[in-house]
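Descriptive structure summary
Chain by chain, the residues run as shown.
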2 protein chains.
Amino acid sequence: MEDGRRPTSYDVARIAGVSQSAVSRCFAPNASIAPAKRELILKVAAEIGYKPNALAQALISKRTNIVAVIIAARTNLYYPEVLAEVGARLSEKDFRVLLFALSQESEVDGVLDQIWRHSVDGVISAARLSTAQVAQFAEHRVPVVLYNRVASGAASVRCDSGEGERDLVGRLLAAGHRRFGLISGPLDNYVGEERRSAALMALSMAGITEVPEVRGDFTYESGHAAMAELHARGCEAIIAVNDMMAIGAMDAARIDLGLSVPQDLSIVGFDGSGASRLGAYDLTTVRQPVRRMTEAAIELLIKRIEDASAPPEQRLFSGQMEAGSSARIAVEGY
Amino acid sequence: MEDGRRPTSYDVARIAGVSQSAVSRCFAPNASIAPAKRELILKVAAEIGYKPNALAQALISKRTNIVAVIIAARTNLYYPEVLAEVGARLSEKDFRVLLFALSQESEVDGVLDQIWRHSVDGVISAARLSTAQVAQFAEHRVPVVLYNRVASGAASVRCDSGEGERDLVGRLLAAGHRRFGLISGPLDNYVGEERRSAALMALSMAGITEVPEVRGDFTYESGHAAMAELHARGCEAIIAVNDMMAIGAMDAARIDLGLSVPQDLSIVGFDGSGASRLGAYDLTTVRQPVRRMTEAAIELLIKRIEDASAPPEQRLFSGQMEAGSSARIAVEGY
DNA sequence: TTGAAAGCGGTACCAC
DNA sequence: GTGGTACCGCTTTCAA
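Residues numbered from 1 in each chain as written. Chains lettered and ligands numbered in written order. Predicted model: local features only at pLDDT ≥ 70, side-chain atom pairs only at ≥ 80, totals over all residues. Heavy atoms only, no water.

**Focus: unusual backbone geometry**
Residues and elements named next belong to chain A. The residue after valine 261, namely proline 262, is reached through a cis peptide bond having omega 10 degrees. Topologically, proline 262 is positioned in the loop between α11 (243–256) and β9 (266–268). Notably, lysine 62 is not glycine yet its phi reads approximately 60 degrees, a positive angle. Considering the arrangement of structural elements, one finds lysine 62 in the loop between α4 (54–61) and β1 (66–72). The backbone of aspartate 282 sits at a positive phi, close to 45 degrees, despite the residue not being glycine. Following the sequence through the fold, aspartate 282 ends up in the loop between β9 and β10 (285–287). (Helix = DSSP H or I, 4+ residues; strand = E, 2+ residues; numbered from the N terminus.)

Here you go:
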């Protein structure tokens, strides 16, 4: 076997004195093979270090046991948590992760191309997909589950940003805040816009329609920059649509503007990402149930991989308000 | 073609009235094919949506264009930056990433098994590999590049923690600090131990041999917990072997112990991770040149993929001291 | 239970 | 330049 190439099932067969088919069956889930023969084959296989070639298996069985994970860069400065969870859950189920981390949403088409070529069994997308792109999944018969995104006809798992945001705004209102400022996200981002409109809607129902708004790009820097402007416009309660921008705003408020948080200014975020829990920030935010969400995403995906006719289900989770110390809010029933 | 299966090169050949070989050549890098025929084939291919099957290509050509990336969980609470860089650089070179995110270092063996089965072209490992494991790479003829790890006989790219740590300690000493405390990492972690011994060595050369030490696990929480103990033992300059622990220590110092940083206490970290730059911390640390390091890792890897006989090179980078405001240090030549 | 043989969808080498 | 053909390493009938 030491001739350089890796051992194949034929090598095992030859040495064990059995047919190649027998070797194959030995490594199949419900083989029909005599125990003694099985022992022998496994022994030989172990000796020469034989492992089934995943490529060859996939080529014929039409099953790669690979799931592609697409993640948009900007969207999730907090994605490590999601990614780690997804990876762990998938490997428990014996799936490997082919990762596509986009730096631009425009790269999606190229990624899809690769996905088709590699015949992945399924896809989890935390990047925006157009209707046309979602349609391609159906054409190619590749199940997809969207993570915190929506698209008609596609399965999805998401955290109901609207509900969480309304909760947050309601509590800020109940605590007496009236001069709000909004740090929103890019126009093309689904969750950002969902949170933005939920916040504005909740405010307008309380009679507050003049809400200074600055659009950021989910980064610390953009939140930091937005703060100065909102302060100049008299805002006393800042609603940022994600945690990183809230944290940037908080630093700008405290360090650059010399304000006390939450005495002079209340700031809330959204996500419950790692950074929000840092002691220096202790952000009041809405935590997404990442673990439950990733589990659901994988459950939905595997269900659709195993039964192509399963309908594309949507799962909605609610976030958990985390009362930090970055905002004066009403904590109890308000 | 609408019979459910995806089009193959035979389908294209049949419709275009050419041989299957011609179709194959059409999609090969330096085809030898008549321009007119080429046009025709590409047109038909586009019409029926043909894409070469990566599995079949890989099976015969022995090239998957897939690189496995192994990342250990604890080690890199800052790995998103590394991962994003690696992914971006690899896709520029037309490689896909098969991601293995370990939650336990012990999972490495299982991961290696998957790696062999999937015939990846190369591996980048930011997880510890035993000598035996490194040897397996050689046996399987899979090039590997270690990221911030070392192992004899394996190519590696790393940031010289020793140099950076000595620099940091030297500056703390020059600023007059004498009562040091060390927050180190797990015993089995290479970079952690390298930084730890560099710090202790530098201190001992300055005549300081009594250095209270608490071992953490690279997390915020462990740094936070370590602080109380070090403070109780009279430390006034805290050296944490990574940023997250330094940040945890800083919060403990300021919030729980009511100390002013850096007036009462100096704290330094290591990595230059995203969190260190947050305004509330503005950590004095050593920044690893992540971008240059990932580029080097990929360059080394691709070189070895293309020329299996290329010797396993080691590249060492130096970190850049970032003078934040978390420590009183000597800034100029000391 | 077992082995022979036919593919899976390509690449590569071969005469022509 | 072109098509024929062997073959990559496995799964999957099928007949024995």
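**Some words on the relation of the copies chain B and chain A**
In screw terms, the move from chain B to chain A is a rotation of 180 degrees and a rise of 0.0 Å along the axis, fitting with an RMSD of 0.1 Å. Look at the turn and shift together and you get a two-fold axis relating the two. The rotation axis passes nearest to the C-alpha of Leu98(B) in chain B, at a distance of 2.2 Å. Looking at chain B, 97% of its interface residues are interface residues in chain A too, so the copies touch through the same face. (Least-squares fit on C-alpha atoms with pLDDT ≥ 70 in both. Contact = heavy atoms within 4.5 Å.)

**Some remarks on the protein's contact with DNA strand C**
Around DNA strand C, the structure places 24 residues, and the nearest of them are Ala34(A), Ile60(A), Ser9(B), Gln20(B) and Ser24(B). Here the atoms of DNA strand C within 4 Å of the protein split so that 60% fall in sugar or phosphate, with bases taking the remainder. Within the side chain of Ser19(A), an N or O atom sits 3.0 Å from a phosphate oxygen of DNA strand C. In the environment of DNA strand C, a phosphate oxygen lies 2.9 Å from a nitrogen or oxygen atom belonging to the side chain of Gln57(B). Only α2 (20–26) and α4 of chain A together with α1 (9–16), α2 (20–26) and α4 (54–61) of chain B provide two or more residues apiece to the surface near DNA strand C. (Near = heavy atom within 4 Å. Polar contact = N/O pair within 3.5 Å; in protein donor to acceptor, adjacent residues only side chain to side chain.)

**Some remarks on the packing of helix α5 (residues 79–92) of chain B against helix α12 (residues 290–306) of chain B**
For any two helices packed against each other, the geometry is given by the interaxial angle and the distance between the axes. Residue and element names in this part refer to chain B. Relative to each other, α5 and α12 sit at 45 degrees, their axes nearing to 9 Å. Put simply, α5 runs oblique to α12. For the pair α5 and α12, the sense of crossing is right-handed. Mapping the contact onto sequence places Glu81, Val82, Glu85, Val86, Arg89 and Leu90 in α5 and Val290, Arg291, Thr294, Glu295 and Ile298 in α12. Here the contact of α5 with α12 is composed, by residue class, of five nonpolar, one polar and five charged. (Axes fitted to C-alpha atoms, helices over the stretch in contact; angles between N-to-C directions. Parallel < 35°, antiparallel > 145°, perpendicular 65-115°, else oblique. Left-handed = near helix turned anticlockwise from the far one by under 90°. Nonpolar A, V, L, I, M, F, W, Y, C, P; charged D, E, K, R; others polar.)

**Section: the packing of aromatic side chains**
All names here are of chain A. Under the counting rule described, the total for this entry stands at five aromatic pairs over all chains. Judged by centre distance (5.3 Å) and plane angle (75 degrees), the ring pair of phenylalanine 27 and tyrosine 50 falls under edge-to-face. A residue pair is termed long-range when its members are at least 10 positions apart, and phenylalanine 27 in the loop between α2 and α3 (35–48) and tyrosine 50 in the loop between α3 and α4 qualify at 23 residues. Taking relative accessible area as the criterion, tyrosine 50 reaches 12% and is therefore assigned buried. (Phe/Tyr/Trp six-rings, centres within 6.5 Å; stacked < 30°, edge-to-face > 60°. Buried < 20%, exposed > 50% of the residue type's maximum accessible area, 1.4 Å probe, protein only.)

**Looking at the interface of chain B and chain A**
When the parts of a complex come together, some accessible area is lost, and that lost area is often taken as the interface size. With 39 residues of chain B at the contact, the number on the chain A side is 38 residues. Regarding the contact of chain B and chain A, the summed buried area is about 3600 Å², with carbon and sulfur atoms giving 64% of it. Of all residues in chain B, Leu55(B), Arg96(B) and Arg117(B) bury the most surface against chain A, accounting for 18% of the area lost on that side. Counting every contact that joins chain B to chain A gives two salt bridges. Mapped onto the side of chain B that touches chain A, the elements with two or more residues apiece are α4, α5, β2 (96–102), α6 (108–117) and α11 (243–256) of chain B. Along the lines of polarity and charge, the residues of the side of chain B that touches chain A split into 23 nonpolar, seven polar and nine charged. In this sheet, β2(B) lies alongside strand β2 (residues 96–102) of chain A in antiparallel orientation, the contact comprising three bridges. When the sheet's bridge partners are listed, Leu99(A) is paired in β2(B) with Val97(B). (Buried area = accessible area lost by both parts, 1.4 Å probe. Salt bridge = Lys/Arg side-chain N within 4 Å of Asp/Glu carboxyl O. Pairing = 2+ DSSP bridges.)

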